[in-house]
Amino acid sequence: MRRLAYILALVLFVNVAHMYSQKGLLKVTPNGHYLQYEDGTPFFWLGDTGWELFHRLTLEEIERYLDNRQAKGFNVIQAVILAELDGLRVPNRYGEVPLLNMNPDTPNEKYFHLVDTVIEMADRRNMVMALLPAWGDKVTLNYGGQGPVVFTPQSAYRYGLFLGKRYKDKDNIVWIMGGDRPPKHDCNDWTPVYGAMAKGIDDGSGKHFLKSFHPGGSIWESSPLLHNEDWMDFNMIQSGHAQSDQPVWQNILKDWELKPAKPTIDSEPCYEDHPINPWPAWEPSKGYFRDYEVRKQLYRSVFSGGFGVTYGHHSIWQFYNPGAEKVNYPDRYWYEALDRPAAYQAGYLRQLIESRPSVNRIPDENIVEEGQGEGAGYIAAFKDEKGRFLMVYLPIGKTITVNTSSILSERVRCRWFNPQNAETKNIGRLKNKKSMQFTPPLTGIGHDWVLVIDNE
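(A) A look at the overall build of the chain. Scanning the chain for helices and strands turns up 11 helices and 23 strands. Here the chain has a C-alpha radius of gyration of 22 Å; the compact-globule value for 456 residues is 23 Å, and the two agree. Over its C-alpha atoms, taken along the principal directions, the chain stretches across nearly 70 × 50 × 45 Å. The proportion of buried residues among the 456 residues of the chain is 60%. Put simply, 71% of the contacts in the chain that link residues at least 6 apart link residues at least 24 apart. Split by element, the accessible area of the chain, about 17,200 Å² in all, is 49% carbon and sulfur.

Set out below in structure tokens:
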């Protein structure tokens, strides 16, 4: 009966897909720092890591998950086709593995029907699927994983060609190479494999999907090795789960200055409810990342120039459930984690950014004249290139002095935005003194705020 219901659901979703449409493919903005649709509509990436979605969920569970994420404002789901957790050997919930005989030249049609259906489900919700064709351990086992390694440049190109042909008519896809691995290290160079896979996707589709590379954790980044690759449209950073307050803002700001300009994003900051500990331990003796730690990284990466950000929950990426083996000490099942505080708060960040023109933001550390901190206290700020507004994120509430000379009006409207609940407290309409002091309603650790200053 489950298999029959699965087939009927596939048919239903495919038949209704034509009723829904995106605004064209995503592309990079003319200034090189953000994303927009082909019709010019700005796109702020608010992602969620659903890595094991195709591997561990039924269609009914996937629908529940997507509905929950859509309601919170997520518009990107990062998922892996050839999954990390022994995804070539262990079948999905319908008893299907992705490759017959673990051979990338013989993809399993029944497995890819599920992938087809999820892409359609996401499209109906105006969500983008950021798809990893394969986790990095299918390319190299140098950094652990269960593999097996199944790709050479030749087989990677053919697999990419298969994906490109299959999804050439879909606009709601971004392709992500990599998967917790560097593209090269010491004498090892896997960039020919990833480059061949990327070329196969474009050759098969006859068009250019946006592409990037998901690196490993603890401030690994794609830009030092891949920024000038033709297939790389934007850079990714993984600030990871090793410690609180990883200085991701430094990496974002560094990427911002690279030429040619390309967008950059923290695609995996600290997961909510993940143990605070470096690999390979990951055990919870130092506690867990909770919503405050997550918020700080989300906001500071975006305010430092990220074109968006990806939230993640430790139980959700692996879709931990009573029948699954747990990975790295999750403290609840995935369905119990859907409504954790930082998931809502990530949506508030998107609302805030989209409340103003979002593709003209310029990160500027000089906005904070007095009160800047380091590490847990680092303050991130940006301004509008046309002088209409600026925003300052304070991870710890305290008095700061702000340079408002970029605001092109004699008076300014000032308010505090609370990232915990999206409430706004009005400060008032003030004379623009070009250097102005502000104190948030509550101060101290745990009280983070956004200072919003607009022209008249």
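(B) Looking closely at the pattern of salt bridges. In total, this model carries 30 salt bridges according to the counting rule given. Residues Asp 105 and Arg 158 are paired through a salt bridge, measuring 2.8 Å at the closest nitrogen-oxygen approach. In this pair, Asp 105 is assigned in the loop between β5 (76-82) and α4 (109-124) and Arg 158 in helix α5 (residues 153-166), connecting sequence segments 53 residues apart. Arg 166 serves as the salt-bridge partner of Glu 109, at 2.9 Å between the closest nitrogen and oxygen. Residue Glu 109 is found in helix α4, and its partner Arg 166 is found in helix α5; the two are separated by 57 residues along the sequence. One network of salt bridges, in which partners are shared, links Asp 273, Arg 290, Asp 331, Arg 332 and Arg 340.

(C) View of the nonpolar core. Formed by 88 residues in total, the largest nonpolar core has its most connected members in Leu 53, Phe 54, Ile 81, Phe 151, Trp 175 and Phe 303. Take this core: its biggest share by element is eight residues, from α4. Sequence-distant contacts of Leu 53, that is, excluding residues within four places in its chain, are made with Ile 62, Tyr 65, Ile 77, Ala 79, Val 118 and Phe 319. Residues Leu 26, Val 128, Ile 265 and Phe 307 belong to the second largest nonpolar core, which totals 26 residues.

(D) Main features of α4. Taking 1.5 Å of rise per residue, the 16 residues of α4 would be expected to cover 22 Å, and the 23 Å separating its terminal C-alpha atoms lies within 8% of that figure. Among the 16 residues in α4, 12 count as buried, and that is most of the element. Considered for burial, the residues of α4 that qualify are Tyr 111, Phe 112, Leu 114, Val 115, Asp 116, Thr 117, Val 118, Ile 119, Glu 120, Met 121, Ala 122 and Asp 123. The N-cap residue of α4 is Asn 108: its side-chain oxygen and the backbone nitrogen of Lys 110 are 3.0 Å apart. Positioned one or two residues after α4, Asn 126 has a phi angle of 55°, which is positive.

(E) Local environment of the sheet that holds strand β3 (residues 42-43). Strand order in the open sheet made by the three strands is β1-β2-β3, with antiparallel pairing throughout. Of all strands in the sheet, those with a lone pairing partner are β1 (26-28) and β3, marking the two edges. Pairing between strand β2 (residues 35-37) and β3: two bridges, direction antiparallel. Following the sheet pairing, Gln 36 is matched in β3 by Pro 42.

(F) Spotlight on the environment of Asn 142. Among the structural elements, Asn 142 can be located in the loop between β6 (128-134) and α5. Note: C-alpha distance between Asn 142 and Asn 188 (46 residues apart in sequence) is 9.4 Å. Excluding residues that lie within four positions of it along the chain, Asn 142 makes contacts with Asn 188 and Trp 190.

(G) View of the packing of aromatic side chains. Under the definition given, this model contains 28 aromatic pairs. Ring centres 6.0 Å apart and planes at 65° place the aromatic pair Tyr 34 and Trp 256 in the edge-to-face group. Remark: Trp 256 occurs in helix α8 (residues 248-256) and Tyr 34 occurs in the loop between β1 and β2; sequence separation between them is 222 residues. The pair formed by Tyr 34 and Trp 256 is uniform in burial state, with each residue classed as buried. On the basis of an interplanar angle of 20° and a centroid distance of 4.9 Å, the ring pair of Tyr 299 and Tyr 393 is categorised as stacked. Within this pair, whereas Tyr 299 is found in helix α9 (residues 291-303), its partner Tyr 393 is found in strand β18 (residues 389-397), the two being separated by 94 residues in sequence. Given a relative accessible area of 0%, Tyr 393 falls into the buried group. Three or more aromatic residues joined by ring pairs form one cluster here, namely Tyr 65, Phe 319, Tyr 320, Tyr 333, Trp 334 and Tyr 335. The positively charged end of Arg 64 is found above the aromatic ring belonging to Trp 334, 5.8 Å away from the centroid. Taking the ring centre of Phe 382 as reference, the NZ or CZ of Arg 361 above it sits at 5.6 Å.

(H) Up close: the side chain of His 313. In this structure, His 313 sits in the loop between β14 (308-311) and α10 (314-317). At a separation of 2.9 Å, a polar atom in the side chain of His 313 contacts the main-chain amide nitrogen of Ser 315. When neighbours within four sequence positions are excluded, His 313 is seen to be in contact with Thr 49, Tyr 271, Glu 272, Asp 273, Arg 332, Ala 337 and Arg 340.

(I) Just the packing of helix α3 (residues 59-72) against α4, in detail. The geometry of α3 relative to α4 is characterised by a closest axis approach of 11 Å and an angle of 25° between their N-to-C directions. The angle between the axes of α3 and α4 places the two elements in the roughly parallel class. Like other packed secondary-structure pairs, α3 and α4 cross with a definite hand, here right-handed. Here Leu 59, Ile 62, Glu 63 and Leu 66 of α3 lie close against α4, whose contacting residues are Leu 114, Thr 117, Val 118, Met 121 and Ala 122.

(J) Geometry of unusual backbone geometry. Note the cis peptide between Gly 147 and Pro 148, where omega equals -5°. Note that Pro 148 resides in the loop between β6 and α5. In the segment running from Lys 259 into Pro 260, the intervening peptide bond is cis, with an omega of -5°. Looking at the element boundaries, Pro 260 is found in the loop between α8 and β13 (264-266). You will see that Met 102, though not glycine, has its phi angle at about 55°, which is positive. Here Met 102 shows up in the loop between β5 and α4.

The rules we used
- Starting afresh in each chain, residues are numbered from 1 along the sequence in its written order.
- Selection of residues for local features in this predicted model requires a pLDDT of at least 70, selection of side-chain atom pairs for listing and counting requires 80 or more, and totals for whole chains, interfaces and linings are taken over all residues.
- The basis for the side-chain values is all heavy atoms of the structure; hydrogens and waters are excluded.
- Put simply, DSSP H or I for four residues or longer makes a helix, DSSP E for two residues or longer makes a strand, and each gets a number counted from the N terminus.
- Throughout, the radius of gyration refers to the C-alpha atoms, and the reference size of a globule is 2.2 Å times the residue count to the power 0.38.
- Burial classification: accessible surface area is computed with a 1.4 Å probe over protein chains only, and a residue below 20% of its type maximum counts as buried, one above 50% as exposed, and the rest as partly exposed.
- In this analysis, two residues are considered to be in contact whenever any of their non-hydrogen atoms come within 4.5 Å of each other.
- Residue-level accessible areas treat just the shown protein chains as cover; the underlying method is Shrake-Rupley with a 1.4 Å probe.
- The term salt bridge refers to a pairing of a side-chain nitrogen on Lys or Arg with a carboxyl oxygen on Asp or Glu at a separation within 4 Å.
- Put simply, a nonpolar core is a bunch of buried Ala, Val, Leu, Ile, Met, Phe, Trp, Tyr and Cys residues held in one set by side-chain atoms that sit within 4.5 Å of each other.
- Here the expected length of a helix is defined as 1.5 Å per residue gap, with one fewer gap than residues.
- N or O atoms closer than or at 3.5 Å make up a polar contact, with two conditions inside protein: a donor-capable atom paired with an acceptor-capable one, and, for residues adjacent in sequence, both atoms drawn from side chains.
- Two strands are counted as paired when DSSP detects at least two bridges linking them.
- Pairing of aromatic rings covers Phe, Tyr and Trp, the last counted by its six-membered ring, and requires centre-to-centre distances within 6.5 Å; plane angles under 30 degrees mean stacked, over 60 mean edge-to-face, and any other angle means tilted.
- The rule is short: NZ of Lys or CZ of Arg within 6 Å of the ring centre and within 35 degrees of the ring normal puts a charge over the ring.
- Interaxial angles span 0 to 180 degrees and are taken between N-to-C directions of axes, which are lines fitted to C-alpha atoms, for helices over the stretch in contact.
- Working definition: roughly parallel below 35 degrees, roughly antiparallel above 145 degrees, roughly perpendicular at 65 to 115 degrees, and oblique for all remaining angles.
- By definition, any crossing whose near helix is turned counterclockwise from its far helix by less than a right angle is left-handed, and any crossing with a clockwise turn is right-handed.

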